Amino acid sequence: MELYTIIFYVFAVITLGAAAIVVFSRNIVRAAFALLFAFFGVAGIYVFLLADFIAVTQLLIYVGGITVLVLFGVMLTNRQVSVDIKTGTMQTLPAVILTSALAGTLIGIFWSTDWRVTAQPLASETTASALGELLLGPYVLPFEVASMVLMVALVGAAMVARREKKPS
């Protein structure tokens, strides 16, 4: 096996193992730290796909920002002691059916697709400059509309969070 293949499988195992810990762990702090490793594994896979901009974005936004936000949220709300959490299994059968159907569809697509395999790795050109030219060229209007929508959502969330409750 080639070194690249081994490293790819290491990142895949890290991602899947950490994701399994996130899903099946009963300790929320352990799940939050496993989420950090899952995000890191996905960033490594992006590097192997030669998507350098998305890999760096994954590291900065998810590994750096979202994980810290989740950990702060967990640590600040961990003092809730007697909270009743409903853990019923009422929706298990529909979830198993839907998951099996989705998994069957994805496996069918995987096996029926004619995957392009190259003998040599692709050229290591960076994608950031081409992405920047597209975002500031023909796609500048959708880019600005998306940024305005995100800003309005941020201001709305801040207003909802700061709203004082009226005494009744």
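About the cut-offs
- Residues numbered from 1 in each chain as written.
- Predicted model: local features only at pLDDT ≥ 70, side-chain atom pairs only at ≥ 80, totals over all residues.
- Heavy atoms only, no water.
- Helix = DSSP H or I, 4+ residues; strand = E, 2+ residues; numbered from the N terminus.
- Expected span 1.5 Å × (residues − 1).
- Bend = angle between axes of the 7 residues up to and from the residue.
- Buried < 20%, exposed > 50% of the residue type's maximum accessible area, 1.4 Å probe, protein only.
- Contact = heavy atoms within 4.5 Å.
- Phe/Tyr/Trp six-rings, centres within 6.5 Å; stacked < 30°, edge-to-face > 60°.
- Patch = residues over 30% accessible without salt bridge, like charges linked within 9 Å, V, L, I, M, F, W, Y side chains within 5 Å.
- Areas by Shrake-Rupley, 256 points an atom, 1.4 Å probe, with all protein chains shown as cover.
- Salt bridge = Lys/Arg side-chain N within 4 Å of Asp/Glu carboxyl O.
- Axes fitted to C-alpha atoms, helices over the stretch in contact; angles between N-to-C directions.
- Parallel < 35°, antiparallel > 145°, perpendicular 65-115°, else oblique.
- Nonpolar A, V, L, I, M, F, W, Y, C, P; charged D, E, K, R; others polar.
- Left-handed = near helix turned anticlockwise from the far one by under 90°.
- pLDDT = per-residue confidence, 0-100.
- Polar contact = N/O pair within 3.5 Å; in protein donor to acceptor, adjacent residues only side chain to side chain.

Overview of helix H3 (residues 52-77)
Working step 1: End to end, H3 covers 36 Å across 26 residues, agreeing with the expected 38 Å (1.5 Å per residue, within 8%).
Working step 2: Its maximal kink placed at Gln58, H3 deviates by approximately 25°.
Working step 3: Along H3, the residues classified as buried are Ala55, Gln58, Val63, Thr67, Leu71 and Val74.
Working step 4: Tucked into the core, H3 has its buried residues touching helix H2 (28-48).

Section: the packing of aromatic side chains
Working step 1: Considering all chains together, one arrives at 7 aromatic pairs under this definition.
Working step 2: Here Phe11 and Phe40 contribute two aromatic rings whose centre-to-centre distance is 6.1 Å and whose plane-to-plane angle is 55°, an arrangement assigned as tilted. In this pair, Phe11 sits in helix H1 (residues 3-24) while Phe40 sits in helix H2, placing the two residues 29 residues apart along the sequence.
Working step 3: For Phe11, a relative accessible area of 17% translates into the label buried.
Working step 4: Joined through ring pairs, the aromatic side chains of Phe8, Tyr9, Phe11, Phe40 and Phe48 make up one cluster.

Comments concerning a nonpolar patch on the surface
Working step 1: Among the surface-exposed residues, Met1, Ile6, Phe8, Tyr9, Val10, Ile14 and Phe37 lie close enough to one another that they form a single nonpolar patch of about 710 Å² accessible area.
Working step 2: Top element by residues in the nonpolar patch is H1. It accounts for 5 residues.
Working step 3: In this structure, Tyr9 sits in helix H1.

Observations regarding the packing of H2 against H3
Working step 1: For the pair H2 and H3, interaxial distance at closest approach is 9 Å and the crossing angle is 175°. Classified by the interaxial angle, the pair formed by H2 and H3 is roughly antiparallel. Along its contact with H2, which presents Ile28, Val29, Ala32, Phe33, Leu36, Phe39, Phe40, Val42, Ala43, Tyr46 and Val47, the element H3 presents Ile54, Ala55, Gln58, Leu59, Tyr62, Val63, Ile66, Thr67, Val70, Leu71 and Val74.
Working step 2: The residue inventory of the contact of H2 with H3, partitioned by class, reads 20 nonpolar, 2 polar and no charged.

Some details on the environment of Val29
Working step 1: Within the secondary structure, Val29 sits in helix H2.
Working step 2: Val29 sits in the partly exposed class, given a relative accessible area of 25%.
Working step 3: Residues Val29 and Leu71, 42 residues apart in the sequence, show an inter-C-alpha distance of 7.2 Å.

Let's talk about the packing of H1 against H2
Working step 1: Taken N-terminus to C-terminus, the directions of H1 and H2 make an angle of 155°; their axes are 8 Å apart at the nearest point. Comparing the axis directions of H1 and H2 gives the class roughly antiparallel. You can see that H1 and H2 cross each other, and the crossing is left-handed. For the pair H1 and H2, contact is made by Tyr4, Ile7, Phe8, Phe11, Ala12, Ile14, Thr15, Ala18, Ala19, Ile21 and Val22 and by Arg30, Ala31, Ala34, Leu35, Phe37, Ala38, Phe40, Gly41, Val42, Gly44, Ile45 and Phe48, respectively.
Working step 2: When the residues that make up the contact of H1 with H2 are grouped by side-chain class, the tally is 19 nonpolar, 3 polar and 1 charged.

Side note on the confidence of the model for the protein chain
Working step 1: Averaged over every residue, the pLDDT of the protein chain is 83; residues scoring 70 or more account for 85%.
Working step 2: Of all the helices and strands in the protein chain, helix H5 (residues 128-135) carries the lowest mean pLDDT, 83, while helix H4 (residues 92-112) carries the highest, 93.

A word on the side chain of Thr67
Working step 1: Tracing the chain through its elements places Thr67 in helix H3.
Working step 2: Classification of Thr67 as buried rests on a relative accessible area of 3%.
Working step 3: Engagement of the side chain of Thr67 in a polar contact is seen with the backbone oxygen of Tyr62, the distance being 3.0 Å.
Working step 4: Those residues in contact with Thr67, other than ones at most four positions away along the chain, are Ala32, Leu36, Phe39 and Tyr62.

Brief notes about unusual backbone geometry
Working step 1: In this model, Leu50 sits at a positive phi of 60°, which is unusual for a non-glycine residue.
Working step 2: Note on placement: Leu50 falls in the loop between H2 and H3.

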